[in-house]
Amino acid sequence: MNNISVEHITLQQFSTPLRVENYCIFMISGEGSFSVEATPYTYSGNVLLFLSPYQHFWWQEGSEAAGELLQFHGDFYCIEYHKKEVACNGFLFNALFLQPFFNVTDATWREIKSLFKSILGELNEKNRFSEAVLRSYLQLVLALSSKEKSTVITEAPVVAEHSLVTDFQELIEEHFIEQRDLAFYANALHLTPDAFSKKLKKLLGKTPTKLLQERLVLEAKKQLHLTYKSIKEVAFDLNFDDEFYFSRFFKKNVGLSPKHFRESVGISVVAEKSM
């Protein structure tokens, strides 16, 4: 594909687990279910789904079996570099404690669909298309989506048990590098490890151990993509005993080695800015 593409898809293309290789925005309508990183979700209505490079996606069933897919490479539009402009890093993509999808209003759905069409129209200009225009369209898609998602979260009902999620999120951000023992987090939240796991699983569809692993993987991906650190340095920064153990952990969770991940996604312009 180009560094950015838009296509009409049949969701049956994803009826077996597939690993996406770019940032992806799916437009899906109707009712059905899918899994992201082996976590099951159900959807209903007009839905936008956001995936980051090398996440696993599996569409299982639905009343409508077609949709739209926008893909873009990190070299074309760096989420980290532009995060202040569209407020989407860790909010639309890589939101470990939030669903990777959300419903949008009919008006926003039509507007984003129109932007998808504009991107496709610009790409059809072949050698005459403008990357600046394409980035502008993509930035609008991300900004509109981020605005819509913030509204969905703001309007969500407050549930007392969700304070557990917030408290765990704060703990994990502070301690995930040096603390990987489930008992540490359970004790800090005044729960037994078993009760803690069951509560988190019920609330988020993921165990605390899974969330810890995902946070480590996210940090590893960021360092591999956003810095010039060697794999050995990344492993050391993330408190792994050695780079070989880190590489095995990364490959088990991502599906490819840190070296091949870096070769695939490249090193971002952000790394240049930080030198």
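**Student:** Explain the side chain of Asn22 residue by residue, including any values.
**Tutor:** In this structure, Asn22 sits in the loop between strand 2 (18-19) and strand 3 (23-28). Of the polar contacts made by the side chain of Asn22, one reaches the side chain of Gln71; its length is 3.5 Å.

**Student:** Which residues make up the packing of helix 4 (residues 162-175) against helix 6 (residues 193-204), and what are the values?
**Tutor:** Across the interface, helix 4 lies against helix 6 with an axial gap of 10 Å and an inter-helix angle of 105°. Overall, the two elements helix 4 and helix 6 adopt an arrangement that is roughly perpendicular. Side by side, helix 4 and helix 6 meet where His162, Leu164, Val165 and Phe168 of the first sit next to Phe196, Lys199, Leu200, Leu203 and Leu204 of the second. For the contact of helix 4 with helix 6, the per-class residue count stands at seven nonpolar, one polar and one charged.

**Student:** Give me the lowdown on the pairing of strand 3, citing residues and values where you can.
**Tutor:** By the criterion of burial, strand 3 is predominantly enclosed, with six of the six residues buried. Burial along strand 3 is two-sided: the residues Tyr23, Ile25 and Met27 and Cys24, Phe26 and Ile28 are all buried. Judged from the five bridges that link them, strand 3 and strand 6 (residues 47-51) form a sheet pairing that is antiparallel. By the bridge assignment for strand 6, Ile28 is matched with Val47.

**Student:** I'd like a rundown of the sheet that holds strand 4 (residues 31-36), residues and numbers included.
**Tutor:** Ordered by their spatial adjacency, four strands build an open sheet running 2-7-4-5, and the pairing between neighbours is antiparallel. Of all the strands in the sheet, the pair left with one neighbour each is strand 2 and strand 5 (39-44). Direction of pairing for strand 2 relative to strand 7 (residues 56-62): antiparallel, over a ladder of two bridges. Looking at strand 7, one finds that Leu18 is bridged to Phe57.

**Student:** Lay out a negative patch on the surface with the relevant residues and their values.
**Tutor:** A surface patch of like charges, here negative, comprises Asp167, Glu170, Glu174 and Glu178. Take Asp167: it is sitting in helix 4.

**Student:** Which residues make up unusual backbone geometry, and what values do they have?
**Tutor:** The backbone phi angle of Asn94 is positive, close to 60°, even though this residue is not glycine. Residue position: Asn94 is located in the loop between helix 1 (83-86) and strand 9 (101-103). For Asn94, a relative accessible area of 21% gives the class partly exposed. One non-glycine residue, His190, lies in the positive phi region at around 60°. Looking at the element boundaries, His190 is found in the loop between helix 5 (182-188) and helix 6.

What counts and how
Residues numbered from 1 in each chain as written. Predicted model: local features only at pLDDT ≥ 70, side-chain atom pairs only at ≥ 80, totals over all residues. Heavy atoms only, no water. Helix = DSSP H or I, 4+ residues; strand = E, 2+ residues; numbered from the N terminus. Polar contact = N/O pair within 3.5 Å; in protein donor to acceptor, adjacent residues only side chain to side chain. Axes fitted to C-alpha atoms, helices over the stretch in contact; angles between N-to-C directions. Parallel < 35°, antiparallel > 145°, perpendicular 65-115°, else oblique. Contact = heavy atoms within 4.5 Å. Nonpolar A, V, L, I, M, F, W, Y, C, P; charged D, E, K, R; others polar. Buried < 20%, exposed > 50% of the residue type's maximum accessible area, 1.4 Å probe, protein only. Pairing = 2+ DSSP bridges. Patch = residues over 30% accessible without salt bridge, like charges linked within 9 Å, V, L, I, M, F, W, Y side chains within 5 Å. Areas by Shrake-Rupley, 256 points an atom, 1.4 Å probe, with all protein chains shown as cover. Salt bridge = Lys/Arg side-chain N within 4 Å of Asp/Glu carboxyl O. Lys, Arg positive; Asp, Glu negative; His and termini not counted. Charge placed at Lys NZ, Arg CZ, Asp CG, Glu CD.

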